[in-house]
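This is what each chain is made of:
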Protein chains: 2
Amino acid sequence: MKIAETARQVREVLNPVRRAEKTLGLVPTMGALHEGHLSLIDAARADCDFVAVSIFVNPLQFGPNEDLAAYPRAPERDLAACEARGVGLVFLPPVEAMYAGECLTQVSVARLSETLCGASRPGHFAGVCTVVTKLLHIVQPDRAYFGAKDYQQAAIIRKMVFDLDFPLTVVVCPTVREADGLAMSSRNAYLTPEQRRQAPALYGALKMAEGLIRRERPPADAVQAAVRRYLARHAADGMIDYVQIVDPAELSDVQTTDSAVLIALAVKFGGARLIDNLLVDAPGGDD
Amino acid sequence: MKIAETARQVREVLNPVRRAEKTLGLVPTMGALHEGHLSLIDAARADCDFVAVSIFVNPLQFGPNEDLAAYPRAPERDLAACEARGVGLVFLPPVEAMYAGECLTQVSVARLSETLCGASRPGHFAGVCTVVTKLLHIVQPDRAYFGAKDYQQAAIIRKMVFDLDFPLTVVVCPTVREADGLAMSSRNAYLTPEQRRQAPALYGALKMAEGLIRRERPPADAVQAAVRRYLARHAADGMIDYVQIVDPAELSDVQTTDSAVLIALAVKFGGARLIDNLLVDAPGGDD
């Protein structure tokens, strides 16, 4: 397994791979790898001849009051995990290598970036799109892998790749969960034992709402209210950031649940902001 | 010479070129090709094994009151000119092929886009950056060629390519002029005979200002005033949009002319908005 710290080093490793016409997969991460990330690596390994993983905690996508400094970092353990899963290259750039001089250029996706997490994290998705564009240009993969836990991020990146004609395929892989349903996240490490005990209520609320929708197809605001009640009961220490029932393609709020909907939520436990979502298909879709 | 109308067709033509490890040059244009464009093609032909030209009048970079509908189009003549200059591929997409569905994604470069032409054409450079990004992703050239007449555009694209780690080199070629000094532009076709007679005053004013700076290194506002007086005298029918003396890298207004400066101007003759610029190096730079 090779390790690169600069774009030039990445290209030195990957040019022979490309010249040999091997397919190249990229798994962009912020490190502190968990089984969710590793499932992306496994998917990439199954599809591609060569897999690159990037590990970069991107300052552009953190707001001024967010957890950039505290964000968990575990480069040694990450490298060992990548090596064990058959990764060919880890790109682990220092911030100065990614942002030499002031980055004046921004890639942004209107509308899809303004709802859900975008509403409470202004500039977040432009930061994501800008760094993902950089990573895609540096690695030039045939396929890039993202997790469904970050549904909005994946939707925005798909749209960006389509709109800008990036020559690659975006692959979105299912959310990986702990045994009790909590979605894997590097930010779970922030949770106190009591918060950790309550955190599976996010998924519990989503499953409850899914059942409600499948049974009754109630108005979206009734589902939202039920989710909020469920969270109040089972995650008393959590502060709800949002609970939204949205169109899975447009990410805009819906009134009814007669078509396919995405239930998405964000809850803060102290400094740990956790997100989760569940797609509920239209009536007659397979259960 | 091949002609492609879709990204897929471009890739079909260019994949074998890339596989043969030939260097690929792209000259992005809006068509109505003149000797300025052809000089870019010649430069690309001299540097690269294979040259692609794109011809696309990009709606995104025109403001609502600008000349999108009137912009000169001459596809037959353009294709003949490309063929005569040894172009390998012309990419001539219909608008629907470039913008399938609503383009929500935008690439923008802060600060450099807000001055000079950007001040009077809000959104223009984001439109340019977005379409150039698309063209670069579709063609994936090793080198892309732009003209120095559009100095600000070239500076913005250089910065975008650097900031986003595009794997290519931006080449900027000198402005090509008519015998009387008028910079070649597709928009010169809009000029009435009397406007055409006055239009060389843009370059006349720049050369006058260059002489003044070289002799006296006066304050920038004195140069600006002299340029405005020159234009009033020699281009009475022209409406000045801007005359600015700026830092050649930052494009921000300067107070003195003791360092290298760019003199840039835009003048409207009726519906024809003409631009030109001249770089004056620092004292001791070679004349």
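Residues numbered from 1 in each chain as written. Chains lettered and ligands numbered in written order. Predicted model: local features only at pLDDT ≥ 70, side-chain atom pairs only at ≥ 80, totals over all residues.

A few points about the overall build of chain A
In terms of helices and strands, chain A carries ten helices and ten strands. Taken over C-alpha atoms, the radius of gyration comes to 19 Å for chain A, in line with the 19 Å a tight globule of 287 residues would show. Projected onto the principal axes, the alpha-carbon positions of chain A cover approximately 55 × 40 × 40 Å. Buried residues in chain A amount to 44% of all 287 residues. (Helix = DSSP H or I, 4+ residues; strand = E, 2+ residues; numbered from the N terminus. Rg over C-alpha atoms; globule rule 2.2 N^0.38 Å. Buried ≥ 20, exposed ≤ 12 C-beta atoms within 10 Å, placed from the backbone.)

Digging into the relation of the copies chain A and chain B
Overlay of chain A on chain B (RMSD 0.0 Å): rotation 180°, translation along the axis 0.0 Å. Here the symmetry operator amounts to a two-fold rotation axis. Among all residues of chain A, the minimum C-alpha distance to the rotation axis is found for valine 107 of chain A, at 2.3 Å. Interface residue correspondence from chain A to chain B reaches 100%, placing this contact among same-surface, isologous pairings. (Least-squares fit on C-alpha atoms with pLDDT ≥ 70 in both. Contact = placed C-beta atoms within 7 Å.)

Quick notes on the sheet that holds strand 3 (residues 50–55) of chain A
Residue and element names in this part refer to chain A. Strand order in the open sheet formed by six strands is 1-4-3-2-6-7, with parallel pairing between adjacent strands. Strand pairing shows two members of the sheet lacking a second neighbour, strand 1 (2–4) and strand 7 (169–173), which therefore form its edges. Taken over all neighbouring pairs, the strand axes of this sheet differ in orientation by 25° on average, direction set aside. Pairing analysis gives five bridges linking strand 6 (residues 143–147) to strand 7, with the strands arranged parallel. Paired with tyrosine 145 across the bridge in strand 7 is valine 171. (Pairing = 2+ DSSP bridges. Axes fitted to C-alpha atoms, helices over the stretch in contact; angles between N-to-C directions.)

A look at the domain arrangement of chain A
All names here are of chain A. Each assigned domain of chain A is listed with its residue range as follows: domain 1 (2–173) and domain 2 (186–278). Here the C-alpha centre of domain 2 lies 26 Å away from the C-alpha centre of domain 1. Taken residue by residue, the interface counts 15 residues in domain 1 and 15 residues in domain 2. Counting only elements with at least two residues in the side of domain 1 that touches domain 2, the list comes to helix 5 (117–120) and helix 7 (151–163). Taken together, the residues of the side of domain 1 that touches domain 2 sort by class into nine nonpolar, four polar and two charged. (Domains from an automatic or database assignment. Nonpolar A, V, L, I, M, F, W, Y, C, P; charged D, E, K, R; others polar.)

Examining helix 6 (residues 124–139) of chain B
Over its 16 residues, helix 6 of chain B runs 22 Å from end to end, which matches the ideal 22 Å to within 8%, given 1.5 Å per residue. Among the 16 residues of helix 6 of chain B, 15 are classified as buried, and the element is accordingly described as predominantly covered. (Expected span 1.5 Å × (residues − 1).)

Comments concerning the interface of chain A and chain B
Residue-level contacts link 23 residues of chain A with 23 residues of chain B. Those elements that provide at least two residues to the side of chain A that touches chain B are strand 5 (105–109), helix 6 (124–139) and helix 7 of chain A. Top element by residues in the side of chain A that touches chain B is strand 5 of chain A. It accounts for five residues. Residue composition of the side of chain A that touches chain B, grouped by class: twelve nonpolar, six polar and five charged. Two elements, strand 5 of chain A and strand 5 (residues 105–109) of chain B, share five bridges in a ladder whose sense is antiparallel. Pairing of glutamine 106 of chain A across the sheet is with serine 108 of chain B, part of strand 5 of chain B.

Notes on the sheet that holds strand 8 (residues 239–246) of chain A
Residues and elements named next belong to chain A. What the three strands build is an open sheet, ordered 8-9-10; its pairing is antiparallel. Looking at strand neighbours, the two that pair on one side only are strand 8 and strand 10 (272–280), the edges of this open sheet. Going from strand to strand, the sheet's axes swing by 10° on average, the running direction of each strand aside. Relative to strand 10, strand 9 (residues 261–269) is paired through nine bridges, and the arrangement is antiparallel.

Here we look at the pairing of strand 9 (residues 261–269) of chain B
On a regular strand, one side chain projects to one face of the sheet and the next to the other, so that they alternate. Residue and element names in this part refer to chain B. Within strand 9, eight of the nine residues are buried, leaving the element largely enclosed by the surrounding structure. Taken together, the seven bridges between strand 8 (residues 239–246) and strand 9 define a ladder with antiparallel strand orientation. Each residue of the ladder has a partner; that of glutamine 244, found in strand 9, is alanine 264.

Remarks on the confidence of the model for chain A
Atom-level detail of predicted coordinates should not be read off regions where pLDDT is low. Confidence in the prediction of chain A, expressed as mean pLDDT, is 97, and 99% of residues score 70 or more. Scored by ipTM, the complex comes to 0.96, with pTM at 0.97. (pLDDT = per-residue confidence, 0-100.)

A short note on the environment of aspartate 67 of chain A
Take aspartate 67 of chain A: it is sitting in the loop between strand 3 and helix 3 (75–84). Note on aspartate 67 of chain A: 15 C-beta atoms within 10 Å, which makes it partly exposed.

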